[in-house]
Amino acid sequence: AIEIPLARVEITQGCGNIGEGDTCQMVARGITAENQVVTNAVLRWSSNASSIAQVNSEGRVFGVGPGRATITVEAAFGAGEDSTEIIVFPCTKCP
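Fair warning: this is a prediction, and the values are worked out from it, not measured in the lab. (Residues numbered from 1 in each chain as written. Predicted model: local features only at pLDDT ≥ 70, side-chain atom pairs only at ≥ 80, totals over all residues. Heavy atoms only, no water.)

J.: I'd like a description of the sheet that holds strand β8 (residues 60-63), backed by residues and values.
T.: Spatially, three strands are ordered β3-β8-β7 in an open sheet, and the strand pairing comes out antiparallel. Sheet topology places β3 (23-25) and β7 (53-55) at the edges, where each strand pairs with a single neighbour. Across the sheet, the mean angle separating the axes of adjacent strands is 20° when strand polarity is ignored. (Pairing = 2+ DSSP bridges. Helix = DSSP H or I, 4+ residues; strand = E, 2+ residues; numbered from the N terminus. Axes fitted to C-alpha atoms, helices over the stretch in contact; angles between N-to-C directions.)

Here it is, written out as structure tokens:
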């Protein structure tokens, strides 16, 4: 990953809706003040509702329980963030 100051961050691949117990990979890119796209910038991912959806440092989302959660990605260096809402549906194939 590249430690470069960013002006903004964009989610380029979201999850939308996932099932409880499922995972989904989100993708984001950073953009510098000079409008240079940085696909491997250092980013921080977070969820506002970890009892519904959790996200790891690489943007992999885990459906924990039914409901709505907002996943946010922000620049580790510089400024900028983007967020998207996901819906986790109840598990239909759980044992």
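J.: Please give an account of the state of the cysteines that cites residues and values.
T.: Under the criterion given, the structure shown has one disulfide. In this model Cys-15 forms its disulfide with Cys-24; the gap between the sulfur atoms is 2.3 Å. Taking the torsion about the sulfur-sulfur bond, which here is approximately -105°, the covalent link between Cys-15 and Cys-24 counts as left-handed. (Disulfide = S-S within 2.5 Å.)

J.: Explain the nonpolar core to me, using residue names and the numbers behind them.
T.: One broad trend across soluble globular proteins is that nonpolar side chains are buried collectively. Judged by nonpolar contacts, the single largest core of 23 residues is most densely connected at Leu-43, Trp-45, Val-61, Ile-71 and Ile-86. Going through the elements one at a time, β1 (8-13), β6 (43-47), β7, β9 (67-75) and β10 (81-89) are the ones with two or more residues in this core. Ranked by the residues each element gives to this core, the list is headed by β9, at four residues. Non-local contacts of Val-61, meaning those with residues more than four positions away in its chain, are made with Cys-15, Ile-18, Asp-22, Thr-23, Cys-24, Met-26, Ala-53, Gln-54, Val-55, Ile-71 and Ile-86. (Core = buried A, V, L, I, M, F, W, Y, C linked by side-chain atoms within 4.5 Å. Buried < 20%, exposed > 50% of the residue type's maximum accessible area, 1.4 Å probe, protein only. Contact = heavy atoms within 4.5 Å.)

J.: Before we move on, can you summarise the sheet that holds strand β2 (residues 17-19) with the specific residues and values?
T.: Pairing within the open sheet is mixed, and its four strands lie in the order β2-β10-β9-β6. Bordering the open sheet on either side are β2 and β6, each of which pairs with just one other strand. Neighbour-to-neighbour, the strand axes of this sheet turn through a mean angle of 30°, independent of strand direction. Relative to β10, β2 is paired through three bridges, and the arrangement is parallel. Considered in β10, the bridge of Gly-19 is made with Phe-89.

J.: Which residues make up unusual backbone geometry, and what are the values?
T.: One non-glycine residue, Asn-35, lies in positive phi territory at about 65°. Structurally, the position occupied by Asn-35 is in the loop between β4 (27-31) and β5 (37-38).

J.: Let's hear about the pairing of β8: which residues, and what values?
T.: Of the two faces of β8, only the one carrying Val-61 and Gly-63 is buried; Arg-60 and Phe-62 on the other face are not. With three bridges connecting them, β7 and β8 associate as antiparallel partners. Bridge pairing in β8 links Val-55 to Val-61.

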